[in-house]
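Each chain is listed here by its residues.
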Amino acid sequence: MNPGAFAQPDFSAEIEAIESRLLDLPEGLQDHVQRSRDVGADLCEVHRVDPERVDLAIAAHDLYRAVDPEELLAEATRRGWEPDVVERADPMLLHGPVAGLWLMQEGGVDDPSIVEAVTWHTTYAPSVGPVATLTFLADKIDPRKVEKRPWLEDVRDLAYRGRAEIAVERYLENLLLHLISDDAIAHPRALDALNYLRLGRRGLL
Ligand SMILES: [Fe+2]
């Protein structure tokens, strides 16, 4: 990869702040984040996306994943997020938005491509950029998750073959099918995102 292909901001101070917070997370979660960072580095090579931004986003994406649901809801509100009805019912959906807000408010990161990647890493969202797409995929195809859910093999193979948006479509299709058939609540943003990707693929946007 041509090292001059991306403007290379220096995120070393921000990464250091995030890594010091990562040490407070449960070990299993730290391991997941590390595996996802490794996958993210691979995907950046395949897709020629800025590895610094993707690595920072993946490092930060689960900073609030181990927080108790009630506390997460309070933290989201305190930081200025207005939870919708689905987020109130399942506050774990807020761990991405809260981490995104922390990045902006305390983590010294205002790069919109990184903030959106962290914010939307659970549901995905319409019209996000490549940093968010690769962050989303790197989280979902952590090899340990693929072992547990064989349907993710297809998502992983598409992602590694350079078909990131199709891989996200495949992920969202499966996610929504599983949630709906399990009588769970699906966040409408995931369906909006799937429709957006399909409309784009058909040239209808
Ligand atoms: Fe994650």
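If you're wondering where the values come from, they're calculated on a predicted model, not measured in any experiment.

Visitor: Quick question: what am I supposed to make of the overall build of the chain here?
Guide: The number of helices and strands found in the chain is 12 helices and 0 strands. When the helices and strands of the chain are listed from N to C terminus, the series reads α-α-α-α-α-α-α-α-α-α-α-α. Its C-alpha atoms put the chain at 45 × 40 × 35 Å along the principal axes.

Visitor: Which parts of the structure should I look at to understand unusual backbone geometry?
Guide: One can expect most non-glycine residues to show negative phi and most peptide bonds to be in trans. Of note in the backbone geometry, Arg48 takes a positive phi value of approximately 55° without being a glycine. With respect to the helices, strands and loops of the structure, Arg48 is situated in the loop between helix 2 (27-47) and helix 3 (51-60). Residue classification places Arg48 among the partly exposed positions, given that 13 C-beta atoms sit within 10 Å.

Visitor: Got a minute to help me understand the nonpolar core in this structure?
Guide: Core analysis: the biggest nonpolar cluster contains 52 residues, and Ala57, Ala60, Ile114, Leu134, Leu137 and Val168 have the highest contact counts within it. Other than its neighbours up to four places away in sequence, Ala57 contacts Ile114, Ala117, Val118, Val131 and Thr135.

Visitor: How should I be thinking about the environment of Trp102 in this particular structure?
Guide: Tracing the sequence through the fold places Trp102 in helix 6 (residues 95-105). Taking the C-beta count within 10 Å as the criterion, Trp102 has 19 such neighbours and is therefore assigned partly exposed. Distance from Trp102 to Leu63, taken between C-alpha atoms, is 9.2 Å for residues 39 residues apart in sequence. Contacts of Trp102, omitting those with residues within four sequence positions, involve Leu63 and Gly107.

Visitor: Would you mind going over the environment of Leu172 with me for this structure?
Guide: Relative to the helices and strands, Leu172 is located in helix 11 (residues 164-181). Separated by 88 residues in sequence, Leu172 and Asp84 have C-alpha atoms that sit 20 Å apart. Among all residues touching Leu172, those that are not within four sequence positions of it are Tyr124, Ala190, Ala193 and Leu194.

Visitor: What is the right way to read the packing of helix 11 against helix 12 (residues 188-201) from this model?
Guide: Each pair of packed helices can be described by the angle between their axes along with the distance between the axes. Orientation of helix 11 relative to helix 12, taken along the N-to-C sense of each, is 140°, at an axis distance of 10 Å. If you check the angle between helix 11 and helix 12, you find them oblique. Of the two possible hands of crossing, helix 11 and helix 12 adopt the one that is left-handed. The residues of helix 12 that touch helix 11, namely those facing Glu165, Val168, Glu169, Leu172, Glu173, Leu175 and Leu176, are Ala190, Leu191, Ala193, Leu194, Leu197 and Arg198. Partitioning the contact of helix 11 with helix 12 into residue classes produces 9 nonpolar, no polar and 4 charged.

What counts and what doesn't
- Residues numbered from 1 in each chain as written.
- Predicted model: local features only at pLDDT ≥ 70, side-chain atom pairs only at ≥ 80, totals over all residues.
- Helix = DSSP H or I, 4+ residues; strand = E, 2+ residues; numbered from the N terminus.
- Buried ≥ 20, exposed ≤ 12 C-beta atoms within 10 Å, placed from the backbone.
- Core = buried A, V, L, I, M, F, W, Y, C linked by C-beta atoms within 7 Å.
- Contact = placed C-beta atoms within 7 Å.
- Axes fitted to C-alpha atoms, helices over the stretch in contact; angles between N-to-C directions.
- Parallel < 35°, antiparallel > 145°, perpendicular 65-115°, else oblique.
- Left-handed = near helix turned anticlockwise from the far one by under 90°.
- Nonpolar A, V, L, I, M, F, W, Y, C, P; charged D, E, K, R; others polar.

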